[in-house]
Amino acid sequence: MRLFCLSEKPDETRVALTPETAAKLIDLGLEVGLQTGAGRRSQYPDALYREAGVSLIDDPSRGLAEADIVFRVRKPEVSDFDGLKANAIHLSLLDPFNAPELLEAAASRDVRAVSMEMMPRTTLAQKMDVLSSQANLAGYFAVIRAAERMDRMMPMMMTPAGTIAPARVFVIGVGVAGLQAIATAKRLGARVDAFDTRPVVEEQVRSLGAKFVKIDLGETGQTDQGYAKELTPEQIETQRKGMAKVCAQSDLVITTAKLFGRPAPRVVTAEMVAGMKPGSVIVDLAAETGGNVEGTRVHEEVVTDNGVTIIGTANLEACIPHHASQVYAANLANLIEHFWDKESKTLNWDLTDEILKGCVLTDGGQVVHERFRTSS
Ligand code: NAD
């Protein structure tokens, strides 16, 4: 089988194949091609791919036309499916809740579109889980970005000129990104508070040496995939009241609260921001899905009247593209390896398998995923 990895659009720094993952796929028996220069922005030069046995292809339409499997990071344009073979497998982020036209296009072109966001959150599928691998890096980098923007120190310092108190950091939403943000802020010496609507998280927060903020919201819970359930308007109001004081005393607030497939909850209001100290910073990791913070603007830094900087991040992991590509590419290669049949040197494409059932959206000319079937 032939695999081809495309160069991303100019605003994306990552690449979906690294020389290391390419070598692993070639060992399995795949022929691997890469659009020339695709790894340049993440510091994987063409020469390293060539050494690994990858064919460098200048013309992407040629690479696509020959490919049985396509690797990419960001969701494609509808027209990107045009030049693919029937039954070609296309692995990428697909943003399926917001791009029904992509699913229709993939189905009508007989492309097998795999949405990496829909990977089941199970132990077996963990090695293929791009949401986790990327959120982990984003959580780390949110703290680094904020530390650089803050006008104060993170760690406590006892100096002859007096003692500098440690920064107070409040992490709202403790999934994969939130846990890494807590760990990073702790490593930098901050004093960390955290909150999540899923009570099971309290233990994990404590194990990282942070304090869990207790707010009685009544029944909250999580879905069978481990995702938070949406709160009622009354619960959100109670949550805001419970968090306002913690925001007011924090130097840095990092929000990561998300609801899978739905807009992010607005957990920090303009009034709460107005109650924060001048010079404090908010990093809103949910900016792309509507934002957790009133006043967030995607890709922008807003300074409020009372001197609070709100950083509306999107795709923060792309700021550290070398490692983000390393783990993203490993996730995709792990999926191929998991379903690879060594004898026939093809994929065991069994749509009754729990993993494929979870992430394959189109096959055989139709939308096959139960959650999106009506959108075809
Ligand atoms: P996510 O990005 O969907 O959401 C981030 C966090 O926001 C979650 O912890 C969620 O509970 C929280 N949240 C939602 N609404 C909130 C609100 N109003 N206030 C505060 N917090 C709010 O989550 P994620 O990081 O993708 O993780 C989702 C779940 O999947 C977690 O339970 C995680 O541990 C689990 N997970 C399991 C595996 C696995 O077993 N393979 C892998 C990764 C994640």
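Quick caveat: nothing in here was measured; it's all calculated off a predicted structure. (Residues numbered from 1 in each chain as written. Predicted model: local features only at pLDDT ≥ 70, side-chain atom pairs only at ≥ 80, totals over all residues. Heavy atoms only, no water.)

Trainee: Can you help me understand the overall build of the chain in this one?
Mentor: A count of helices and strands for the chain gives 11 helices and 19 strands. The C-alpha atoms of the chain give 22 Å as radius of gyration, which agrees with the globular expectation for 376 residues (21 Å, within 12%). For the chain, the spread of C-alpha atoms along the principal axes amounts to about 65 × 50 × 35 Å. When burial is assessed residue by residue, the chain has 51% of its 376 residues classed as buried. Once local pairs closer than 6 in sequence are excluded, the contacts in the chain between residues at least 24 apart make up 63%. A total of about 16,800 Å² of accessible surface is found on the chain, and carbon and sulfur atoms cover 51% of it. (Helix = DSSP H or I, 4+ residues; strand = E, 2+ residues; numbered from the N terminus. Rg over C-alpha atoms; globule rule 2.2 N^0.38 Å. Buried < 20%, exposed > 50% of the residue type's maximum accessible area, 1.4 Å probe, protein only. Contact = heavy atoms within 4.5 Å. Areas by Shrake-Rupley, 256 points an atom, 1.4 Å probe, with all protein chains shown as cover.)

Trainee: Got a minute to help me understand the pattern of salt bridges in this structure?
Mentor: In this structure the tally under the stated criterion is 30 salt bridges. A salt bridge links D82 to R109; the shortest N-O distance between them is 2.6 Å. Taken as a pair, D82 in the loop between β4 (69-71) and β5 (89-92) and R109 in the loop between α4 (100-108) and β6 (112-115) lie far apart in primary sequence, 27 residues in all. For D82, a relative accessible area of 46% translates into the label partly exposed. Beyond isolated ion pairs, a larger network of salt bridges with shared partners links D11, E12, R14, R74 and E317. (Salt bridge = Lys/Arg side-chain N within 4 Å of Asp/Glu carboxyl O.)

Trainee: I would appreciate a short explanation of the environment of V267 in the present structure.
Mentor: With respect to the helices, strands and loops of the structure, V267 is situated in the loop between β12 (252-255) and α9 (270-274). Owing to a relative accessible area of 2%, V267 belongs among the buried residues under this scheme. V267 sits 247 residues away from E20 along the chain, and the two C-alpha atoms are 41 Å apart. Setting aside anything within four residues of it in sequence, one finds V267 in contact with I172, I236, Q239, R240, M243, M272 and N292.

Trainee: How do you make sense of unusual backbone geometry when you look at a structure like this?
Mentor: It is generally the case that most residues other than glycine have a negative phi and that most peptide bonds are trans. We note that D95 has phi near 50°; this positive angle belongs to a residue other than glycine. Within the fold, D95 resides in the loop between β5 and α4. Its identity as a non-glycine residue notwithstanding, D110 has a phi of 65°, on the positive side. Residue position: D110 is located in the loop between α4 and β6.

Trainee: Would you explain the site of the ligand in this entry?
Mentor: Around the ligand lies a shell of 23 residues, among which S132, V176, D196, R198 and Q239 are the nearest. Here an oxygen atom of the ligand sits 2.7 Å away from a polar atom, N or O, in the main chain of V176. At a separation of 3.3 Å, an oxygen atom of the ligand approaches a polar backbone atom of K258. Protein burial of the ligand: of its 850 Å² of free accessible surface, 86% is covered by the chains. (Near = heavy atom within 4 Å. Polar contact = N/O pair within 3.5 Å; in protein donor to acceptor, adjacent residues only side chain to side chain.)

Trainee: Whenever I open this one, the side chain of Q180 confuses me. Can you help?
Mentor: Tracing the backbone shows Q180 in helix α6 (residues 176-187). Aside from chain neighbours lying at most four places away, what touches Q180 is N136, G139, Y140 and R187.

Trainee: Can you walk me through helix α5 (residues 130-149) in this structure?
Mentor: In an α-helix there are 3.6 residues to a turn, and that puts residues three or four apart on one side. With 20 residues, α5 ought to run about 28 Å at 1.5 Å a step, and its terminal C-alpha atoms sit 28 Å apart, in line with that. The set of residues buried in α5 consists of V130, S132, S133, Q134, L137, A138, G139, F141, A142, V143 and A146. Buried-residue contacts for α5 involve α6, β12, β13 (281-284) and α10 (321-338). For α5, the N-terminal capping position is held by D129, with its side-chain oxygen 3.2 Å away from the main-chain nitrogen of L131. (Expected span 1.5 Å × (residues − 1).)

Trainee: What's the story with the nonpolar core in this structure? I'm lost.
Mentor: One recurring pattern in soluble globular proteins: nonpolar side chains tend to sit buried together. Counting residues in hydrophobic clusters, the biggest one holds 64 residues, and the most contacted among them are L17, L25, F71, L91, M116 and I336. Not counting residues within four places of it along the chain, the set of residues in contact with L25 comprises L3, L17, L30, V32, F71, A333 and I336. Among the nonpolar cores identified, the runner-up in size contains 50 residues, and V171, V201, V268 and V273 belong to it. (Core = buried A, V, L, I, M, F, W, Y, C linked by side-chain atoms within 4.5 Å.)

Trainee: What's the story with the sheet that holds strand β9 (residues 168-172) in this structure? I'm lost.
Mentor: What links the strands of a sheet is backbone hydrogen bonding, and the strands pair in either a parallel or an antiparallel sense. Taken in spatial order, the 7 strands line up as β11-β10-β9-β12-β13-β15-β14 in an open sheet, and their pairing is mixed. On the outer flanks of this sheet lie β11 (211-212) and β14 (301-303), each paired with one strand and no other. Note: β13 against strand β15 (residues 309-312), 4 bridges, orientation parallel. From the neighbouring strand, D284 faces β15, where its bridge partner is G312. (Pairing = 2+ DSSP bridges.)

Trainee: Is there a simple way to explain the packing of α5 against α10 in this structure?
Mentor: Working note: a packed helix pair is described by the angle between its axes plus the distance between those axes. Running from N to C, α5 and α10 point in directions that differ by 170°, and their axes come no closer than 9 Å. Regarding the angle of α5 to α10, the classification is roughly antiparallel. Crossing handedness for the pair α5 and α10: right-handed. Where α5 approaches α10, its residues V130, S133, Q134 and L137 are matched on the opposing element by H323, A324, V327, Y328, N331 and L332. Counted by class, the contact of α5 with α10 contains 6 nonpolar, 4 polar and no charged residues. (Axes fitted to C-alpha atoms, helices over the stretch in contact; angles between N-to-C directions. Parallel < 35°, antiparallel > 145°, perpendicular 65-115°, else oblique. Left-handed = near helix turned anticlockwise from the far one by under 90°. Nonpolar A, V, L, I, M, F, W, Y, C, P; charged D, E, K, R; others polar.)

Trainee: Explain the state of the cysteines here, please?
Mentor: Should the sulfur atoms of two cysteines be covalently bonded, the bond is a disulfide. Applying the stated rule across the entire model yields 0 disulfides. Of the cysteine sulfurs around C359, a residue in no disulfide, the closest is that of C5, at 18 Å. (Disulfide = S-S within 2.5 Å.)

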